[in-house]
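# Architecture at a glance
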Amino acid sequence: MVAGYLKLYEEGKLKERVELLKEKLNICTVCPHHCKVNRLEGKKGFCKTPYKVRVASAFLHRGEERPIRGYRGSGTIFFSWCNMRCVYCQNYDISQLGEGEDIGPKELAKIMLYLQEEGAHNINLVTPSHVVPQIVEALYYAVEKGLRIPLVYNTSSYDDLETLRLLEGIVDIYLPDLKYLKEDHAREYSKVKNYPKVAKEAIKEMLRQVGNLKLDREGVAYRGVLVRHLVLPNYISDSFEVVDFLASLHKGLAVNIMGQYWPFYKASKYPEIARPIYPFEVANVKAYAKEKGLWLIED
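Please read all numbers here as calculations on a predicted model, not as lab measurements.

## Thoughts on the sheet that holds strand β9 (residues 227-230)
- Pairing is parallel in the open sheet, where three strands are placed in the order β9-β10-β11. Every interior strand has two partners, whereas the edge strands, β9 and β11 (295-296), have only one.
- Bridge count between β9 and strand β10 (residues 254-258): four bridges; the pairing is parallel. Within the sheet, the bridge partner assigned to R228 lies in β10 and is N256.
- The strands that helix α11 (residues 279-291) touches are β10 and β11; relative to β10, the one it contacts most, it runs at about 165°.

See below:
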């Protein structure tokens, strides 16, 4: 399958998107925080990231969902820092402590090309919401050198709507996480405001762009949306409300109900989530999702 961004490149529109997105770095409105600092001049906002991006790791990931990892692996790039502050983040050393190496767009392009050469089914961008302009600039350089595999946007869904619209035709597969649907839960456990509203609008936009998940004959995704939802202890994640919302968006929407929660990072300070998830809690959500007609994708 041909990656969507190749058409934009051939039409000369990919370069236009690079310029439009870089403009958002001048007075930063890349993500919903709208910090309005000049990142092109090295200023940092909530995400602690200036113009250069920080990459923690890049490798063929064989632990993603089957349609994403396929049989060769997903070419995963983990970006450091984050525009959320989840108190239970399992990758807190990357997202909150910022471990990694600072690189420019041309170096990022080389990483993309390396992953393609290693046999990756796709380029899987993990925590991309705060570095979209840099990613698209790197993509442009990579396409010039022969990049052709699909792009996966692996996000918390705390995404700016205008930024997402500028990704139309660039991203082939959206992999959004819907964490909560109650404002107080998002503020308490992820330290951001308006998460439910922002995330719902973001996922609707993703569906508008690429539709539901589509697989090739070998069961590997090449386009569409696959929504992730991590079940938290005591249903702090508003899981049944999340299922209702997702079921209202699209009949048979592809969803991964995840049950791997563990009280990482600062979770021990919050008694209601300071324990591992119970299997029955996950099973109850999966059963409800099936009842509502969602397409359950397993890990």
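## Notes on helix α5 (residues 105-117)
- Its 13 residues place the ends of α5 18 Å apart at the C-alpha level, agreeing with the 18 Å of an ideal helix rising 1.5 Å per residue.
- Of the residues making up α5, those classed as buried are P105, L108, A109, M112, L113, L115 and Q116. Projected down its long axis, α5 shows its buried positions confined to an angular sector of 160°, all on one face. Of the exposed residues in α5, the ones pointing more than 90 degrees away from its buried face are K106, K110 and E117.
- On the buried face of α5, the contacting elements are β1 (53-61), β2 (74-79), β3 (101-103), β4 (123-126) and α6 (132-144).
- Looking at the residues trailing α5, positive phi occurs at G119, about 105°.

## Observations concerning the packing of aromatic side chains
- Enumeration over the complete set of coordinates arrives at twelve aromatic pairs.
- When the centroid spacing of 5.8 Å and the interplanar angle of 25° are considered together, the rings of Y278 and F280 count as stacked.
- Y278 gets classed as partly exposed once you look at its relative accessible area, which sits at 40%.
- By relative accessible area, which is 49% here, F280 ends up partly exposed.
- Following the ring pairs from residue to residue traces out a cluster consisting of Y9, Y140 and Y141.
- In this structure, K15 packs its charged tip against the face of Y140, placed 5.0 Å from the ring centre.

Cut-offs used in this document
- Residues numbered from 1 in each chain as written.
- Predicted model: local features only at pLDDT ≥ 70, side-chain atom pairs only at ≥ 80, totals over all residues.
- Heavy atoms only, no water.
- Pairing = 2+ DSSP bridges.
- Helix = DSSP H or I, 4+ residues; strand = E, 2+ residues; numbered from the N terminus.
- Contact = heavy atoms within 4.5 Å.
- Axes fitted to C-alpha atoms, helices over the stretch in contact; angles between N-to-C directions.
- Expected span 1.5 Å × (residues − 1).
- Buried < 20%, exposed > 50% of the residue type's maximum accessible area, 1.4 Å probe, protein only.
- Arc of directions from axis to C-beta.
- Phe/Tyr/Trp six-rings, centres within 6.5 Å; stacked < 30°, edge-to-face > 60°.
- Lys NZ or Arg CZ within 6 Å of the ring centre and 35° of its normal.

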